Amino acid sequence: MSYSRKPLVGIIMGSSSDSRIMKGSAEILDQFKVRHEDQIVSAHRTPTRLSEYAEHAEKMGFKVIIAGAGGAAHLPGMIASHTLIPVIGVPILVYNDKEEKKTGNSKFSAFGGLDSLLSISEMPTGSPVVTVGVNKSGNAGIYATKILANEFPELKRKLKTHKTLQHESVLKESEELKKQGLSKFVKKKFK
Ligand code: RP5
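I will try to describe carefully the structure that is included in this document.

Focus: unusual backbone geometry
Phase 1: Its identity is not glycine, yet Lys33 carries a phi of approximately 60°, on the positive side.
Phase 2: With respect to the helices, strands and loops of the structure, Lys33 is situated in the loop between helix H1 (19-31) and strand S2 (36-40).
Phase 3: We classify Lys33 as exposed; its relative accessible area is 55%.
Phase 4: Positive phi, close to 65°, is recorded for Asn135, a residue that is not glycine.
Phase 5: With respect to the helices, strands and loops of the structure, Asn135 is situated in the loop between strand S5 (130-131) and helix H6 (137-149).

As C-alpha cells, this is what we get:
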C-alpha cells in the first residue's frame, strides 16, 4: 500500500482558533505527500466526540494522530486514553482568535503556553502523549512522517533528503555570513 493512497494521519485541534498554528503540521505532511484528515474536536465543549473520534480514527486506519490545543489542553491526552494510535501533542500559545475578531484584542493563554505544554506532556503514567514544543506543529508533522517511515521506505528516503537540504542550507548561510561579516549579514537578512 502507498502512504499517499488514503489518510494515515488524523490532525485534530480544540478550536478553529488553533487552525493557524496547526496548519504547520498539514504543510509538512503535504510536502511529504502524506494524506491527512483534519477536524475540530473539543475535549471541553464536545466531550462525547472524543470517544467517537477515537473510534473513527481506528476505523480509518490512522497510524498517528496529531492533536493541538491551548490553555488547559486536555484533547491530546484524552484522545490518547481512548485509542492505541500514537498521539503527538502540540501545545498552543496564541489562542482565541475569535475574541480578536470581536474586540480587536487577541487573548493569550495566561501562562504563555506553559499551561498547555504541561497539560499535554505531564500525562500520568500509562497514557503517554509525545509532545512537541509550544506552537511547533511543523515538528509534529515531521515526527509523524518519521513514524510512518518505519513502514514506508520511500518516506525514509524523503526524510534523508530533507535532512541533507537542511544541512546544505546551514552551510550556505554560514558561507554568506563569513563572506559578508556579521553586521552586513544581519542588515541584509533582516531588513
Ligand atoms: C482550547 O481553548 C482550544 O484548543 C483553544 O486553544 C482554546 C481557545 O478556544 P476558543 O475559545 O478560541 O474557541 O480548548
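Text resumes after the structure shown.
Observations regarding the packing of helix H2 (residues 47-60) against helix H3 (residues 75-82)
Phase 1: Between H2 and H3, the shortest axis-to-axis distance is 9 Å and the interhelical angle comes to 60°. For the element pair H2 / H3, the angle class is oblique. Crossing hand, H2 versus H3: right-handed. For the pair H2 and H3, the contacting residues are Leu50, Ser51, Tyr53, Ala54 and Glu58 in the first and Leu75, Met78, Ile79 and His82 in the second.
Phase 2: Here the residues of the contact of H2 with H3 sort into six nonpolar, two polar and one charged.

With respect to the side chain of Thr83
Phase 1: With respect to the helices, strands and loops of the structure, Thr83 is situated in the loop between H3 and strand S4 (87-92).
Phase 2: What makes Thr83 buried here is its relative accessible area of 8%.
Phase 3: Within polar-contact distance, the side chain of Thr83 engages the side chain of Glu58 at 2.5 Å.
Phase 4: Not counting chain neighbours up to four residues away, the residues in contact with Thr83 comprise Ala54, Glu58 and Ile65.

Analysis parameters
Residues numbered from 1 in each chain as written. Predicted model: local features only at pLDDT ≥ 70, side-chain atom pairs only at ≥ 80, totals over all residues. Heavy atoms only, no water. Helix = DSSP H or I, 4+ residues; strand = E, 2+ residues; numbered from the N terminus. Buried < 20%, exposed > 50% of the residue type's maximum accessible area, 1.4 Å probe, protein only. Axes fitted to C-alpha atoms, helices over the stretch in contact; angles between N-to-C directions. Parallel < 35°, antiparallel > 145°, perpendicular 65-115°, else oblique. Left-handed = near helix turned anticlockwise from the far one by under 90°. Contact = heavy atoms within 4.5 Å. Nonpolar A, V, L, I, M, F, W, Y, C, P; charged D, E, K, R; others polar. Polar contact = N/O pair within 3.5 Å; in protein donor to acceptor, adjacent residues only side chain to side chain.

Interpretation in functional terms is not warranted from these geometric data alone.
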